Amino acid sequence: MLRVLAVDDEKPLLEELLYLLRSDARVRSAEGASDATEALRRITRALESGPDGADGIDVVFLDIHMAGLTGLDIARLLAGFARPPLIVFVTAHEGFAVQAFDLKAVDYVLKPVRPERLAEAVRRACAQLGRDRPAASGPEAGEPLPAVPLQRPSVPEPAVPASAERGADQIAVELGGVTRFVAISDIAHVEAQGDYARLHTDEGSHLVRIPLSTLEERWAARGFVRIHRRHLVALARIDELRLDAGATSVRVGSAELQVSRRHARQLRDLLMRQATG
């Protein structure tokens, strides 16, 4: 069972987060810290105690925007320790996902926090620590198992299940705790951002936790083509193909995207076939 520290400088949100965590049977204890200084003091005590000590912490549920040090600053400090607690970011801002997963966060939960989404974050933390099992199956009931070094999952799971494509013509996206459906035909290009992919439409962009390679395979029949390790483009939405001193790029609406050398020839061939077909 998990020993948790929740950190948020907004007291009502911290209390709600602690309530949800304490309601989860996989959480043995959940304490709160209302600022970065208090959080670091508590984490330092836990690190000195050791992973099996009385003050040990398994997971820190960490807000990003706080007075003084941010949640990202705290995560960077913890990265310097040999066996830091796992990090789950809980924030109202989706724009820090790439930095969060570069810091090897277990999960990135958007506010307002939905109980089922928080439960999924707890599940991921349990799985990473090897604790997603009945308590009696350990060496002794109630005895904490040793933590293992944090590693990013080799195949990240989507925040919204991949099966949530309605009629295969739409994809579910989550924004501020609300799930919406975006028509795949409205997506002009997709950009890899760490373990996430950002879907670009004429109206804006949406972040989904699905690897770009998965979308490439799933949407190939819909005319999406990989042009770069970071970019997937709807072929029909390409307005211009540009060649400049050996470099290739495409214009998709107002965005200019680089085309890698390994994909340039295939892209030119596809565009030629489309133009003459």
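Placed above this text is the structure.
Residues numbered from 1 in each chain as written. Predicted model: local features only at pLDDT ≥ 70, side-chain atom pairs only at ≥ 80, totals over all residues. Heavy atoms only, no water.

A. Local environment of the packing of aromatic side chains. All told, the structure shown has four aromatic pairs when counted by the stated rule. Aromatic side chains Phe-101 and Tyr-108 sit 6.5 Å apart centroid to centroid with 40 degrees between the ring planes, which places their arrangement in the tilted category. Among the residues examined, Tyr-108 registers a relative accessible area of 2% and is labelled buried. A centroid spacing of 5.4 Å and a plane angle of 45 degrees characterise the contact between Phe-101 and Tyr-196, whose relative ring orientation is tilted. Of this pair, Phe-101 sits in helix H4 (residues 97-102) while Tyr-196 sits in strand E9 (residues 196-201), and the two are 95 residues apart along the sequence. This pair shows no difference in class: Phe-101 is buried, exactly as Tyr-196 is. Taken together, the ring pairs in this structure connect Phe-101, Tyr-108 and Tyr-196 into an aromatic cluster. (Phe/Tyr/Trp six-rings, centres within 6.5 Å; stacked < 30°, edge-to-face > 60°. Buried < 20%, exposed > 50% of the residue type's maximum accessible area, 1.4 Å probe, protein only. Helix = DSSP H or I, 4+ residues; strand = E, 2+ residues; numbered from the N terminus.)

B. Looking closely at the nonpolar core. Formed by 26 residues in total, the largest nonpolar core has its most connected members in Val-7, Val-60, Leu-62, Ile-74, Phe-89 and Tyr-108. Of all elements in the fold, only strand E1 (2-7), helix H2 (36-49), strand E3 (59-62), helix H3 (71-78), strand E4 (86-91), H4 and strand E5 (107-110) reach the threshold of two or more residues within this core. The residues contacting Val-60, other than those within four sequence positions of it, are Leu-5, Val-7, Ile-43, Pro-85, Leu-86, Ile-87 and Val-88. Within the second largest apolar cluster, 23 residues are counted, among which are Leu-14, Leu-17, Val-90 and Cys-126. (Core = buried A, V, L, I, M, F, W, Y, C linked by side-chain atoms within 4.5 Å. Contact = heavy atoms within 4.5 Å.)

C. Focus on the packing of helix H1 (residues 11-22) against helix H5 (residues 115-129). Remark: H1 packs on H5, axes separated minimally by 10 Å, with the N-to-C direction vectors making an angle of 65 degrees. Between H1 and H5 lies a crossing whose hand is right-handed. On the side of H1, the interface is formed by Leu-17, Leu-20 and Leu-21, while H5 contributes Pro-115, Leu-118 and Val-122. Taken together, the residues of the contact of H1 with H5 break down into six nonpolar, no polar and no charged. (Axes fitted to C-alpha atoms, helices over the stretch in contact; angles between N-to-C directions. Left-handed = near helix turned anticlockwise from the far one by under 90°. Nonpolar A, V, L, I, M, F, W, Y, C, P; charged D, E, K, R; others polar.)

D. Structural view of helix H6 (residues 212-219). Residues of H6 that are buried: Leu-212, Leu-215 and Trp-219. The buried residues of H6 occupy an angular sector of 60 degrees when the element is viewed end-on, so they sit on one face. (Arc of directions from axis to C-beta.)

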